[in-house]
Every structure is written in structure tokens, then in C-alpha cells.
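Working through the structure, step by step
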Amino acid sequence: MASGSVSQYLLQLDENVKKYLEYFKSRGLPEPSYDAGDGLDPQQSPPIEILACRDAAVEAADELHHLLLGPLGLLLSSPGDQYLLLSMQYIYRYKIAHHVPKEQATTFENIARDCGLDIDDVRRFLRVAIARHVFKEPKVGSIAHTAASKLLLDNPLLEAWILNIAEEFWPSLTRMVDATATWPGSQEPNETGYSLSHNTNENPFDVIKKEPKRQEQFVNAMNYSHLHSSYSMDHLIDNFNFGSIGAGTIVDVGGSHGQVSIPIARKYLQVKCIVQDLPSTIVGLDSRLPEDLKDRISGMAHDFLTPQPVKGADIYLFRWILHDWSDKYCVKILQALTPALKKGAMIVINDICIPQPGQLGISADRSLRLMDISMKAFNNARERDPETWATLFSKADPRFQFKGITLPPEARMAIILAEWQGE
Ligand SMILES: C[S@@+](CC[C@H](N)C(=O)[O-])C[C@H]1O[C@@H](n2cnc3c(N)ncnc32)[C@H](O)[C@@H]1O
């Protein structure tokens, strides 16, 4: 399939949109808009040449979009294009990208033979990808790499990201409307699109954990999505003064392997950190800590849905935790803290905060909305806006004083603060 250049598509778009709009003007119709649609009478279609202009303009816009995204962007836009996603799942499962020479063409027949696949399936799945410039068909029946298909080679985190969406999230999305009918308004992690599509009544995290390969894929996918500098830990560490507590204690709730506590302790030279997580995650943490931090960081097994055992700490930190839980469970998690809190203790949350509609550009807003709905499909969790964050604290206990939200420049994750006012 021949592809034009950016300038050619721009010209094609400009010429065809002008002709299309001229038609509207000549009929006294307003320009098409999101609010009013195109104002055309469905019974009386415009002349065929006008429809052809529209189609040419749409095609030029699509192609400009794809070219400007670049090869990586093209692949990453796949969650919005389930057909490409399906095709990539097929390509990954049978390692097809590895059977196409990097610099030459091969044939569908060769691929089918080398991978032991049905030739008709190979042709059909690959042509879905080719239609989005993932591989190309330089002449009928032959197949060669494009920049995007080359990214499917030897890129394990990208592979995990795409397969995790294809295998864990996408099936959940296809059943989430059914889930809203089966369990209206549910806040339970096992009453979701995931539950229906994966035929389980367990929390998806527990389902995935049972299979080491699936767990590895999930962890790699999460790591891939956090590679972008907007997710860097530095945004938290440089924009919240953990040093203000002097030699005080930070409880890093759900702190995993200490990936947050370690850089905090490195920057703030007096603070002590207690990393809490489930027993299977926290086991062995103390021996894995860097030697120079062993006297200031320690690990502790703790389920954050049960009462907090560390009493009187200065800061309780939740990084990348609460977005994995519905409001009902976030309230429980916050309530589980209260028996341990001293007056003035700070609750520091580092998580996504969706600005009010209209405050972000359309694509940034769209990507947060997609994340939010994916969390719902997965385990009834959610991304929150400022109001929803504030409400969590007031629902948990009126003695939490909500102190506000800051979004450091260039950061995706906001810093959300509350202070305990109880005695
Ligand atoms: C997305 S990770 C965040 C890890 C770390 N805070 C960070 O920012 O990199 C969520 C963590 O919560 C832990 N977790 C999940 N359920 C938990 C529970 N009930 N009690 C304690 N930790 C839990 C997981 O084991 C995991 O380490």
C-alpha cells in the first residue's frame, strides 16, 4: 500500500475540506460541528462527488494523524483500535514479527509454514495490521517490516503492555456494560467486566498472581506505562518536603520493594521509613536494602485494610495505591489508619488527579478518561478528580482535614494532602 507524505496529505485535506465546506455554504447550511452534526438530510444524500471529497478528507486526516503519531505512537494508540489490538495479539502469540526478515520481504506462505499456522488466518490477521501500517505488503502476497512492526521485535516491556491490554483489559471492557446490569453501582473488585469476561469471582490481582508468566506480564506492563518522565518519583520527592519531619517516621503503605522509600531516604538524610506491604511482597526486603540505608528503612508485613500497627508516625504515604480501589475500600483503608494517628500526622497521597472537564487538552483528557474507565472494568477502581479525593477523607472521618492537591509541573501524579486533627 503506497503511503503519501505529510505535506501531500495536508494538501489533500485542505483541498477536499474546502470543497466539502463549499457545498454546505451553497446550501445555506452551517459548518459541521460536534453539537449540530453535519445538518444533512439522511434521506437526501449530497452528490457523490461531494461524498468523495469528504472521504478523501477523512482519509487524509487519518493518515496525517498516524504519520504524526510516529511508529511508537501508532502502536500505543492500539487500545483505541481493538482490531489492530487483536491482530497484534495474534502476531505476538506466534512470534510472527521474528519470521519477517528485517530488511527484505517474505510471503504469507513462508510465515504460515514457519509458524505452523493456517495461511488464510495469517493473511487476514496480518492485513488488519498492514492496514494500519504495522508491516506492509509491497506487492500482493509479500510482507515486509515497517518502522512500527520492527518495534514488535525484542521490546519485552512494550510486548507486555500490548498483551496485557489484549488479554487482561480488553475482554473486561467488552463485558463491563453487562457488569453494570448484573451488579449496578457495585464497588466490589470481583463484580466487574473482568469477572464476567474471565469467568471468575476473585479479585483480578489474585487471579493474575496465580500464574507467574501472567504476573510478570502485568508487572512489566505497569513498568512500561510508568517509564515516561511524567511518572518519575522525583516529582514527589522534589515537591513535598519530607525533611520537614526531621528524624521523624514515614510509613510507606503498600510500599512494595521500597522503590519510593529508598529515594526518599537518600534525599532526606534523617527520616526513617517503614515499608509496609503484603507478606509475599515484603519478605526479604530488609536483606535487599542498600547497606547505607538499613538503619533508616525497614520492612513490615501489613494488610492496609486492617488496623495500622505503627502508631504515632509523622507521615503515612500512599503512592500509586488508592487508584486501585473503589471509594468504599479507600474509605476503609483511611479508616484503618485512624487508631494509629497522632494529632498533626500527614496523609500524603501520590496518585492521578483528573482535572475538571475542559481544563486539559483534548488528548490528555481523553487518555485520563480511558484510564478511569479501564480501572472500572478491571476491578471497580477509579481515577479521581479533586472533589472525589476530598470526599474520600470526609467520608472516612471528619477529623481528617483535607489540605489540597498540587500537581508538580510536568507530572502526571498529583500530591494530595490531609492532616489528622484528632487527638
Ligand atoms: C501499584 S503498587 C505501588 C507500589 C509503590 N507504592 C510504588 O509507588 O511503586 C501497589 C502495591 O500495593 C500492595 N498491596 C495491594 N494490596 C495490599 C494490601 N491489602 N495491603 C498492603 N499492600 C497491598 C501491592 O502488593 C503493591 O506492592
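Residues numbered from 1 in each chain as written. Predicted model: local features only at pLDDT ≥ 70, side-chain atom pairs only at ≥ 80, totals over all residues. Heavy atoms only, no water.

1. Describing the site of the ligand
Around the ligand, a shell composed of 15 residues is seen, among which Gly-254, Asp-277, Asp-303, Phe-304 and Arg-319 lie nearest. With respect to the ligand, the backbone of Gly-254 contributes an N or O atom lying 2.9 Å from a nitrogen atom. Asp-277 has a polar side-chain atom sitting 2.6 Å from an oxygen atom of the ligand. Coverage of the ligand by the protein chains reaches 80% of its 600 Å² of free accessible surface. For the shell around the ligand, a count of residues per class yields six nonpolar, five polar and four charged. (Near = heavy atom within 4 Å. Polar contact = N/O pair within 3.5 Å; in protein donor to acceptor, adjacent residues only side chain to side chain. Areas by Shrake-Rupley, 256 points an atom, 1.4 Å probe, with all protein chains shown as cover. Nonpolar A, V, L, I, M, F, W, Y, C, P; charged D, E, K, R; others polar.)

2. Describing the domain arrangement of the chain
As assigned here, the chain comprises domain 1 (1-70), domain 2 (77-153), domain 3 (156-225) and domain 4 (230-420). Between domain 1 and domain 2, the C-alpha centre-to-centre distance is 30 Å. Every contact between the two is made by four residues of domain 1 and, on the other side, six residues of domain 2. Both sides of the domain 1 and domain 2 interface together cover about 430 Å² of buried area, and 59% of this is carbon and sulfur. At the surface where domain 1 touches domain 2, the tally comes to zero salt bridges. Across the domain 1-domain 2 interface, the total number found is two residue pairs in polar contact (both at pLDDT 80 or more). In terms of residue class, the side of domain 1 that touches domain 2 is built from two nonpolar, one polar and one charged. (Domains from an automatic or database assignment. Contact = heavy atoms within 4.5 Å. Buried area = accessible area lost by both parts, 1.4 Å probe. Salt bridge = Lys/Arg side-chain N within 4 Å of Asp/Glu carboxyl O.)

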